Amino acid sequence: MEMSALTRSVVKRNHAIIAPDGYINSNVPGWTDCTVNVIINEQMGAHLCQTLITLTEAGNVKGQTEASQIFFYVVQGGCQATVGGETRPLKVGQYVYVPVSQAYEFSQPEAGTQLLTFHKVYEPLAGHATPGVCWGERDLSKAPVYMNDEALRIQELLPNVPGFDMAVNIFTYGTGGNLPMVETHIMEHGLLYLEGQAIYMLDQCWYPVKKGDSIWMAPYCQQWATAMGQEPSVYIYYKNVNRFPTVI
Ligand code: UGY
Ligand code: MN
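Residues numbered from 1 in each chain as written. Chains lettered and ligands numbered in written order. Predicted model: local features only at pLDDT ≥ 70, side-chain atom pairs only at ≥ 80, totals over all residues. Heavy atoms only, no water.

Asks: Lay out the overall build of the protein chain with the relevant residues and their values.
Replies: Helices and strands together make up the secondary structure of the protein chain, namely zero helices and 21 strands. Taken over C-alpha atoms, the radius of gyration comes to 18 Å for the protein chain, in line with the 18 Å a tight globule of 248 residues would show. The principal-axis extent of the C-alpha atoms belonging to the protein chain is close to 55 × 45 × 40 Å. Counting the 248 residues in the protein chain, one finds 47% classified as buried. Sequence-distant contacts, at least 24 apart, represent 68% of the contacts inside the protein chain between residues at least 6 apart. When the accessible surface of the protein chain is summed, it comes to about 12200 Å², and 54% of that surface belongs to carbon and sulfur atoms. Taken together, the 14 basic and 22 acidic charged side chains of the protein chain have centroids lying 2 Å from each other. (Helix = DSSP H or I, 4+ residues; strand = E, 2+ residues; numbered from the N terminus. Rg over C-alpha atoms; globule rule 2.2 N^0.38 Å. Buried < 20%, exposed > 50% of the residue type's maximum accessible area, 1.4 Å probe, protein only. Contact = heavy atoms within 4.5 Å. Areas by Shrake-Rupley, 256 points an atom, 1.4 Å probe, with all protein chains shown as cover. Lys, Arg positive; Asp, Glu negative; His and termini not counted. Charge placed at Lys NZ, Arg CZ, Asp CG, Glu CD.)

Okay, structure coming up:
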């Protein structure tokens, strides 16, 4: 018998692992006939928000961005997305980036459709245009080898230009792939495992993780990971980028 007193989830000062077994639903105004799990947000000390939305057949996710931009990615199922006056079908692996001050609506979902969101307050940069709406899809052929290691591939889902202050990437670790070093950096991450299993090291603690798990890494949370098992290990992750690093 499984013990309900056990979980792989942990919430620490500079990192968290959130496994689905601990989800409690939130109600979000304008997001109807769906369950919303707020996985990362400022209440835990983060500077991003990450949610997972699971829609019924009648589900509708409608709103207007204000100071924050929102990146939507279809983890499961499919729906219609209307952003910036344009409507497109969105299926698994496809995404749309909604910039600030923009209306959005996700409608006509297949029952069980799951949308992942990353939210960040946008920081304008003098001399560079605020980004517009951006549509795209997961595509391994657009994922170059990372740091000369054939087992590692990263696809950048948003244009790498100074107007953007957030990146969203898909990181694929082939069998036996591991991060080539312990990363120690100012950027923050939120991530969702899309496939496989791994061992993640966060702030010198070691965690087994798998598809469906989310991780928050605060700035300077030391991080390393290796794929585990017979399948590739894949996650989609957020990173803040391209802005002056200090107010000092
Ligand atoms: O982009 C990154 O910092 C990435 N290599 N970090 C990570 O996957 N934990
Ligand atoms: Mn990193």
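Having seen the structure, we can now continue with the description.
Asks: Please give an account of the site of ligand 1 that cites residues and values.
Replies: All residues adjacent to ligand 1 are Y146, F171, E183, H185, H189, Y200, Q223, Y235, Y237 and K239. Here a nitrogen atom of ligand 1 sits 2.6 Å away from a polar atom, N or O, in the side chain of E183. A distance of 2.7 Å is found between an oxygen atom of ligand 1 and a side-chain nitrogen or oxygen belonging to K239. Notes on ligand 1: free accessible area 270 Å², of which the protein chains cover 96%. In this structure the site holding ligand 1 corresponds to the second largest pocket. It is strand β21 (residues 233-240) that provides the largest number of residues to the shell around ligand 1, a total of three residues. (Near = heavy atom within 4 Å. Polar contact = N/O pair within 3.5 Å; in protein donor to acceptor, adjacent residues only side chain to side chain. 1 Å grid on protein atoms, 1.4 Å probe; cavity = no way out; pocket = protein on both sides within 12 Å on 5 of 7 lines; lining within 4 Å. Sits in = over half its atoms within 2 Å of the grid points.)

Asks: Hey, could you go over the layout of surface pockets for me, with residue numbers and the actual values?
Replies: Estimates place the volume of the largest pocket at around 490 Å³. Lining the largest pocket are 18 residues, and of these E123, I186, N240, F244 and P245 lie nearest its centre. At the level of elements, β11 (114-121) and β21 are the ones that each hand at least two residues to the lining of the largest pocket. Across the lining of the largest pocket, the residue classes tally to nine nonpolar, four polar and five charged. Volume-wise, the second largest pocket comes out at about 370 Å³. Lining the second largest pocket are 28 residues, and of these I154, E156, N169, Y237 and K239 lie nearest its centre. Among the elements that line the lining of the second largest pocket, the one with the most residues is strand β15 (residues 166-173), at five residues. (Points joined across faces, edges and corners; volume = space filled by probe spheres on them. Nonpolar A, V, L, I, M, F, W, Y, C, P; charged D, E, K, R; others polar.)

Asks: I'd like to hear about the sheet that holds β15, residue by residue, with values.
Replies: Strand order in the open sheet formed by eight strands is β1-β2-β19-β16-β21-β15-β14-β13, and the pairing between neighbours is antiparallel. The open sheet has two edge strands, β1 (10-11) and β13 (145-146), and neither has a second partner. (Pairing = 2+ DSSP bridges.)

Asks: Can you lay out the coordination of the manganese ion (ligand 2) for me, pointing to particular residues and giving the numbers?
Replies: Coordination sphere of the manganese ion (ligand 2), protein contribution only: E183 (OE), H185 (NE2), H189 (NE2) and Q223 (OE1), at 2.1 to 2.3 Å. One way to put it: the six donor atoms around the manganese ion (ligand 2) meet at angles of 76 to 175°, and that makes the site octahedral. Written as a sequence motif, the donor residues of the manganese ion (ligand 2) are E-x1-H-x3-H-x33-Q. Here Q223 lies in strand β20 (residues 223-228) and E183 lies in the loop between β15 and β16 (189-195), a separation of 40 residues in the sequence. A residue is classified by how much of its surface remains accessible, and Q223, at 1% relative accessible area, is buried. (Donors = N, O, S within 2.8 Å, 3.2 Å for Na, K, Ca; no water. Tetrahedral: all angles 85-135°; square planar, octahedral: opposite > 155°, others 65-115°.)

Asks: Help me get a handle on the packing of aromatic side chains, residues and values and all.
Replies: Each aromatic ring pair is characterised by the separation of its centres together with the angle its planes make. Per the stated rule, a full pass over the model turns up 17 aromatic pairs. Ring geometry for F171 and Y235: centres 5.6 Å apart, planes at 65°, overall edge-to-face. Residue F171 is located in strand β15, and its partner Y235 is located in strand β21; the two are separated by 64 residues in the primary sequence. Of the two residues, F171 and Y235, neither departs from the other in class, the shared state being buried. Members of the aromatic cluster, connected to one another through ring pairs, are Y146, F171, Y173, Y193, Y200, Y235 and Y237. (Phe/Tyr/Trp six-rings, centres within 6.5 Å; stacked < 30°, edge-to-face > 60°.)

The values are spatial; any link to function lies outside them.
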